Amino acid sequence: MKIKLVAIGKTDDKDLMRLIENYHKRLNHYVKFEFKIIPDLKKAKNLSEDQQKEKEGALILKEIVATDQLILLDEKGHEFRSIEFSRFLQKKMNSGVKQLVFIIGGPYGFSQTVYQKAQGKVSLSKMTFSHQMIRLFMVEQLYRAFTILKNEPYHHE
């Protein structure tokens with residue numbers, strides 16, 4: 001299985017990017033992993049929230065192929081403990097999913113088209129975090145999940 005994380009907009013914080021790259025490298029020891037950044041929309045200030053979600057949604061869907069399983073990072077999604085999330089990933093691998101794609105939307109969320117294409121939603125917390133921080137948290141949680149599956153000493157419970 002391959003895992004892809006797709007996010008809208010680049011990260012300007014070099015320290016944050018360095019941390020994301022660190023976990024990206026670690027994660028590649030366990031699974032093929034790709035982190036795809038979709039550039040911010042140009043002239044987004046001239047668009048309504050719905051127009052922005054539709055345009056971002058079209059860009060997101062260009063990153064998806066028919067066999068992908070699409071999971072949205074959404075505040076109304078299912079919350080997992082880390083061990084539960086590792087089991088979720090194991091089930092996806094066991095089911096023969098070729099590519100599992102996690103999507104971090106733009107500032108207004110996702111278009112209805114993206115919601116309709118998704119096979120699930122995951123929430124990392126009931127709290128609100130910046131879209132920049134979610135990238136780091138998600139890559140770290142993916143790494144943590146694989147260390148749990150391999151019984152490695154990264155996670156303590």
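Residues numbered from 1 in each chain as written. Predicted model: local features only at pLDDT ≥ 70, side-chain atom pairs only at ≥ 80, totals over all residues. Heavy atoms only, no water.

**Considerations on the overall build of the chain**
Okay, so step 1: Looking only at helices and strands, the chain has five helices and five strands in total.
Okay, so step 2: Over its C-alpha trace the chain gives a radius of gyration of 15 Å, about what one expects of a compact globule, namely 15 Å for 157 residues.
Okay, so step 3: Taken along the three principal axes of its C-alpha coordinates, the chain extends 50 × 35 × 25 Å.
Okay, so step 4: Split into buried and exposed, the 157 residues of the chain put 45% on the buried side.
Okay, so step 5: A total of about 9400 Å² of accessible surface is found on the chain, and carbon and sulfur atoms cover 49% of it.
Okay, so step 6: The centroid of the 27 positive side-chain charges in the chain is displaced by 5 Å from the centroid of its 19 negative side-chain charges. (Helix = DSSP H or I, 4+ residues; strand = E, 2+ residues; numbered from the N terminus. Rg over C-alpha atoms; globule rule 2.2 N^0.38 Å. Buried < 20%, exposed > 50% of the residue type's maximum accessible area, 1.4 Å probe, protein only. Areas by Shrake-Rupley, 256 points an atom, 1.4 Å probe, with all protein chains shown as cover. Lys, Arg positive; Asp, Glu negative; His and termini not counted. Charge placed at Lys NZ, Arg CZ, Asp CG, Glu CD.)

**Brief notes about the sheet that holds strand β4 (residues 99–104)**
Okay, so step 1: If you trace the five strands from one edge of the open sheet to the other, you get β2-β1-β4-β3-β5, paired in parallel fashion. Strands with a single pairing partner mark the edges of an open sheet, and in this sheet they are β2 (32–38) and β5 (120–123). Within this sheet the neighbouring strands show an average axis-to-axis angle of 30°, counted without direction.
Okay, so step 2: Here strand β1 (residues 2–8) runs beside β4; their pairing, made up of six bridges, is parallel. Residue pairing across strands places Leu5 opposite Phe102, the latter belonging to β4.
Okay, so step 3: On the sheet, helix α3 (residues 82–94) packs against β1, β3 (69–79) and β4 and is oriented at approximately 135° with respect to β4. (Pairing = 2+ DSSP bridges. Axes fitted to C-alpha atoms, helices over the stretch in contact; angles between N-to-C directions. Contact = heavy atoms within 4.5 Å.)

**A short note on the packing of helix α1 (residues 14–27) against helix α5 (residues 131–149)**
Okay, so step 1: The N-to-C vectors of α1 and α5 enclose an angle of 20°; their axes lie 9 Å apart at closest approach. Taken as axis vectors, α1 and α5 run roughly parallel relative to one another. Pair α1 / α5 crosses with left-handed handedness. Where α1 approaches α5, its residues Leu16, Leu19, Ile20, Tyr23, His24, Arg26 and Leu27 are matched on the opposing element by Gln132, Met133, Arg135, Leu136, Val139, Glu140, Leu142, Tyr143 and Phe146.
Okay, so step 2: Grouping the constituent residues of the contact of α1 with α5 by class yields 11 nonpolar, two polar and three charged. (Parallel < 35°, antiparallel > 145°, perpendicular 65-115°, else oblique. Left-handed = near helix turned anticlockwise from the far one by under 90°. Nonpolar A, V, L, I, M, F, W, Y, C, P; charged D, E, K, R; others polar.)

**Examining a nonpolar patch on the surface**
Okay, so step 1: Together, Met127, Phe129 and Met133 give the surface a local cluster of nonpolar side chains, amounting to about 280 Å² of exposed area.
Okay, so step 2: When you line up the elements, Met127 lands in the loop between β5 and α5.
Okay, so step 3: You can call Met127 exposed: its relative accessible area is 60%. (Patch = residues over 30% accessible without salt bridge, like charges linked within 9 Å, V, L, I, M, F, W, Y side chains within 5 Å. Salt bridge = Lys/Arg side-chain N within 4 Å of Asp/Glu carboxyl O.)

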